[in-house]
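Architecture at a glance
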Amino acid sequence: MIASNRLPVQVTVSDAGAIDLTPSAGGLVNALRGVATPFTWVGWPGAVVPAAAQAELADRLAADRLEPVFLEQADEAGFYGRICNDTIWPLFHDFVGRMSFTDAAWERYVDVNRRFAEQLAARSAHGARVWVHDFHLMLVPAALRELRPDLSIGFFLHIPFPSTEIFQLLPSREEVLLGLLGADQVGFHTSEYARHFRSSCLDVLGIDSGPDGIGHGGRVVGIGADPIGIDVAHFQDVLGRPETAAMVDELAARYRGQRLVLGVERLDYSKGVPQKLRAFERFLEDDPARAETTTLLQVLVPSRLESADYRELRAEIEQESARINGRFGRPGRTPVECLHRSVSPAELVALYRRADVMAVTPLRDGMNLVAQEFVLCQTAAPKLPGRARGVLLLSEFAGAAQVLPGALLVNPWDTADLAARLVEALELAPAERCRRLALMSGAVRRLAAPRWAEGCLDRLAQPEPVAGTRL
Ligand code: GDG
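A quick note: this is a predicted structure, and the numbers were derived from the prediction, not measured.

**Considering the side chain of H93**
Looking at the element boundaries, H93 is found in the loop between helix 3 (73-92) and helix 4 (103-123). According to the relative accessible area criterion, H93 is buried, its value standing at 2%. At 2.9 Å, the side chain of H93 and the backbone oxygen of W89 are in polar contact. Excluding residues that lie within four positions of it along the chain, H93 makes contacts with I159, P160, S270, R364 and D365.

Structure below.
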């Protein structure tokens, strides 16, 4: 059984009650594609479904082994809107000042987690493996263990686990740790996050631990560092499609004679886009002639626009881009291009291939799959005629920095250094670019999904906890 906040489909129900299902992609969907063991996926279908339509929807989803957890608008507002987005997301990404918390919203979080646990308990076969995902469901492992002690329960956190000083600001800190300790195996992307979790268990609960496990309730809870990888086969497939080749040709014409610095981010304050723009402005200030030869293309995938904070962030990024263009551009030449939309897989892959520098500058990020995807697309296809391979500029605060040894690491808060690293990246000799990409391509292929999922599931099948990958 797999449990995550969202099912890998988007359900819409029309006013007349007609149900529409659209598959949705995401890091977890990609990582589970190709897993040999058949599984049932439990999660929210992405819409409030009227009671009259629930049975029909459940039947239709059952055909794909998907099982909906039905939530009301008020559940979503408190559980997802408040606690997930306004408490845990900012706190776990070190944005302490953005965190807010109310007891009423927390009660919704507890209640929704309990309902997930009840549904998993009702549907899991005796002794089944249940793998629970991410910060939305941190209370599920303990609630499920109480209902079904026969199950093997795994948990994986896709976002960072913050340092203990920051974690302790969370009013429900004990409940969260005890919730996670209900699992047999708790997985993180990096050994740093695992270490933070172990320190928090000691500081908050007084429970000491070994490097790979924590004794709790007469059991040993395994702690692992299991960095997630990308679906290599999917990207290889997209690289070979005719529409990708057409897009590569289009980009070659569009950016002829230009050096292209690429950013691909979901609109979020954790992604460091304003910091990237600041550094790009410094890069142009240091030598305004660069505005003629270098373009920063920022793809900004829309996200959470119902929130005033996110609308403000979008406005800030658009205003900053316009200001830089006003300062360094001229008619027919805009050094910063900002696309506020999602792009097709072919467009994304073509951009990864064409980019001279991929600038991935989050202030905090659990892993960051974009960095791995760029490396794969640069190395799994022939070099573009007349161009050197690309360079990855990567924030040291992304989990990806722990697994991609050939990236140029940057502190996105250090504007001068980020601008200097951008110059270094653009001037890196072709042989050095290849050497760095080869190092990283090896790592990306080693981490490739579904190996990540199979590894985590194998450990869950073992009677005694076993440590995850140590990097
Ligand atoms: C969590 C953690 C961790 C984005 N825009 C488009 C598009 N994408 C795809 C990318 C990539 C994915 O979305 C985003 O990668 P993230 O790594 O940010 O993953 P999330 O699921 O958002 O976030 C993160 C991850 O979980 C996995 O554990 O790495 O740290 O926050 O795959 O390619 N794809 C297409 N068009 C777009 O416009 N086709």
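Next, the rest of the story.
**Side note on unusual backbone geometry**
In this model, A449 is joined to P450 through a cis peptide bond whose omega is 5°. Not every positive phi belongs to a glycine, and R65 is a case in point at roughly 55°. With respect to the secondary-structure elements, R65 resides in the loop between helix 2 (51-62) and strand 5 (66-68). Residue R65 is classed as partly exposed on the basis of its relative accessible area, which comes to 41%. Positioned with a positive phi, R304 is a non-glycine residue whose angle comes to about 50°.

**Observations regarding the side chain of H158**
Structurally, H158 can be placed in the loop between strand 7 (152-156) and helix 6 (164-167). A residue is classified by how much of its surface remains accessible, and H158, at 17% relative accessible area, is buried. Not counting chain neighbours up to four residues away, the residues in contact with H158 comprise L28, H133, D134, H189, I228, G366, M367 and W452.

**Examining the domain arrangement of the protein chain**
Split by domain assignment, the protein chain resolves into domain 1 (2-229 + 451-460) and domain 2 (232-446). Distance between the C-alpha centres of domain 1 and domain 2: 31 Å. Between domain 1 and domain 2, the residue contacts involve 23 residues of the former and 20 residues of the latter. Taking both partners together, domain 1 and domain 2 bury about 1700 Å²; carbon and sulfur atoms supply 54% of that area. By the criterion of area lost to domain 2, the three top residues of domain 1 are W89, F95 and R98, representing 28% of everything that side buries. Along the contact surface separating domain 1 from domain 2 lie four salt bridges. Residues R364 and E192 are paired through a salt bridge, measuring 3.2 Å at the closest nitrogen-oxygen approach. Between domain 1 and domain 2 we count seven residue pairs in polar contact (both at pLDDT 80 or more) in total. Broken down by secondary-structure element, the contributors of at least two residues to the side of domain 1 that touches domain 2 are helix 3 and helix 8 (191-205). Considering every element that reaches the side of domain 1 that touches domain 2, the biggest residue donor is helix 3, with five residues. Of the residues in the side of domain 1 that touches domain 2, the class split is eight nonpolar, nine polar and six charged.

Criteria and thresholds
- As a convention, each chain's residues are numbered from 1 in the sequence order in which they are written.
- Whole-chain, interface and lining totals are the exception, using all residues; otherwise, since this is a predicted model, local features are given only for residues with pLDDT of at least 70 and side-chain atom pairs are given and counted only at 80 or more.
- Processing note: side-chain calculations cover all non-hydrogen atoms of the structure and skip hydrogens and water entirely.
- A run of H or I in DSSP counts as a helix once it spans at least four residues, and a run of E counts as a strand once it spans at least two, with each numbered from the N terminus.
- Here the term buried applies to any residue with accessible area under 20% of the maximum for its type, exposed to any over 50%, and partly exposed to those in between, with areas from a 1.4 Å probe on protein chains only.
- Identification of polar contacts relies on pairs of N or O atoms within 3.5 Å, with a donor-acceptor requirement for protein atoms, meaning one able to donate a hydrogen and the other able to accept it, and with residues adjacent in sequence counted only if both atoms are side-chain atoms.
- Throughout, a residue-residue contact means that at least one pair of heavy atoms, one from each residue, lies within 4.5 Å.
- The split into domains, and so the bounds of each, comes from an automatic or database assignment of domains.
- Note on terms: buried area is the combined drop in 1.4 Å-probe accessible area of two parts once they are placed together, counting the loss on both.
- Salt bridges are defined by distance alone: a side-chain nitrogen of Lys or Arg within 4 Å of a carboxyl oxygen of Asp or Glu.
- As a working rule, the residues Ala, Val, Leu, Ile, Met, Phe, Trp, Tyr, Cys and Pro are called nonpolar, Asp, Glu, Lys and Arg charged, and the rest polar, with Gly in that last group.

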